[in-house]
Amino acid sequence: VEMIKKFLGRNDAIHVVDPTMTLSVEHYRHIAKQEETTESRGTMKVYMLDRSEEKLHLVNQIGKATSLQMFEVLPKKRLGSEAVNNANVNDFAYPNPAQWLRGYQDARFVITDSFHGTVFSILFNIPFLAIGNKNRGLARFQSLLNMFNLSDRLITDLSNFDSDTFIQKEIDWSKVNGVLDQQRKKATDFLRTNLQ
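Note that this is a predicted model, so its numbers are computed, not measured.

A. Up close: the overall build of the protein. Looking only at helices and strands, one finds 8 helices and 5 strands in the protein. Ordered by position from N to C terminus, the α and β elements of the protein give α-α-β-α-β-α-β-α-β-α-β-α-α. By the compact-globule yardstick of 16 Å for 196 residues, the protein fits well, its C-alpha radius of gyration being 18 Å. Projecting the C-alpha coordinates of the protein onto the three principal axes gives extents of approximately 50 × 40 × 35 Å. In the protein, buried positions account for 39% of the 196 residues. Contacts in the protein between residues far apart in sequence, at least 24 positions, make up 65% of those at least 6 positions apart.

So, in structure tokens, the structure goes:
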């Protein structure tokens, strides 16, 4: 909103939640139910778009501290790791939306560097750690987490992270869900008013 005021001279911009948050978690649970799996994937969902050794070290550190088993709902292989051919093309396939959502339904903790990974952790009321990238999209994380008074869930400096202290911080989901209800109404009212 401030950037629009500053660079475009518009004073009528308002901040609303991401469109995915205008639906209730029950809509997403309904989609996740379409993914019928009986296998246990784990209890700590890791959704990393930009992998690094430092992030993987952090994941292992939190896994040990919480005794949670890490799992991912991502392709088995990432583009660039090797040449794609007819024999391995399925290893590079992304999960369908039901599989991706089912990962949130099954998780007890989430570690993500994705904005929407953070959004769905909030929607599903799963404790999470969001890793922000100062060079890519950090403002979205900050505005989202400030809105829900969850800015302490965002880290940008992995070298000074204290997993024991972090894990002990609990989230008051009743307050978060109260804010979400208000923000959802604000966003849907905005859309109804402006899409007539």
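B. Structural context of the environment of L58. For L58, the location among the structural elements is in helix α3 (residues 53-66). Taking the C-alpha atoms as reference, L58 lies 8.5 Å from F161; in sequence the two are 103 residues apart.

C. Region of interest: the packing of aromatic side chains. With the rule as written, the count across this model stands at 8 aromatic pairs. Geometrically, the ring pair formed by W100 and F120 is edge-to-face, given 5.1 Å between the ring centres and 80° between the ring planes. With W100 in helix α4 (residues 97-106) and F120 in helix α5 (residues 115-123), the pair connects residues that are 20 residues apart, well separated along the chain. With a relative accessible area of 15%, W100 lands in the buried category.

D. Main features of the sheet that holds strand β4 (residues 128-131). One open sheet accounts for 5 strands, arranged β2-β1-β3-β4-β5; its pairing is parallel. At either margin of the open sheet sits one strand with a lone partner, and together these are β2 (70-71) and β5 (154-155). As paired strands, strand β3 (residues 109-112) and β4 are joined by 3 bridges and run parallel to one another. Across the sheet, the residue bridging to T112 is A130, located in β4. Along the sheet face, α4 touches β1 (44-47), β2 and β3 and points at about 135° away from the line of β1.

E. Here's a closer look at the pairing of β3. With burial as the criterion, each face of β3 is covered, one bearing F109 and I111 and the other bearing V110 and T112. As for the winding sense of the linkage, the β-α-β connection from β3 through α5 to β4 is right-handed.

F. Region of the structure containing the pattern of salt bridges. A full pass over the atoms with the stated rule returns 12 salt bridges. The residue K5 makes a salt bridge to E2 at a minimum N-O spacing of 3.9 Å. One end of the pair is K5 and the other is E2, both in helix α1 (residues 2-8) and 3 residues apart, which spans about a single turn. As a salt-bridge pair, R29 and E26 come within 3.7 Å of each other at their nearest N and O atoms.

G. Region of the structure containing the packing of α4 against α5. Between α4 and α5, whose axes approach to 10 Å, the crossing angle comes to 50°. Between α4 and α5, the angle is such that the two are oblique. With respect to the hand of their crossing, α4 and α5 are arranged in right-handed fashion. Residues W100, L101 and Y104 of α4 form the contact with α5, whose own contacting residues are H116, G117, F120 and S121. Taken together, the residues of the contact of α4 with α5 break down into 4 nonpolar, 3 polar and no charged.

Reading the values: rules and limits
- Residues numbered from 1 in each chain as written.
- Predicted model: local features only at pLDDT ≥ 70, side-chain atom pairs only at ≥ 80, totals over all residues.
- Heavy atoms only, no water.
- Helix = DSSP H or I, 4+ residues; strand = E, 2+ residues; numbered from the N terminus.
- Rg over C-alpha atoms; globule rule 2.2 N^0.38 Å.
- Buried < 20%, exposed > 50% of the residue type's maximum accessible area, 1.4 Å probe, protein only.
- Contact = heavy atoms within 4.5 Å.
- Phe/Tyr/Trp six-rings, centres within 6.5 Å; stacked < 30°, edge-to-face > 60°.
- Pairing = 2+ DSSP bridges.
- Axes fitted to C-alpha atoms, helices over the stretch in contact; angles between N-to-C directions.
- Right-handed = clockwise from strand over helix to strand, strands pointing away.
- Salt bridge = Lys/Arg side-chain N within 4 Å of Asp/Glu carboxyl O.
- Parallel < 35°, antiparallel > 145°, perpendicular 65-115°, else oblique.
- Left-handed = near helix turned anticlockwise from the far one by under 90°.
- Nonpolar A, V, L, I, M, F, W, Y, C, P; charged D, E, K, R; others polar.

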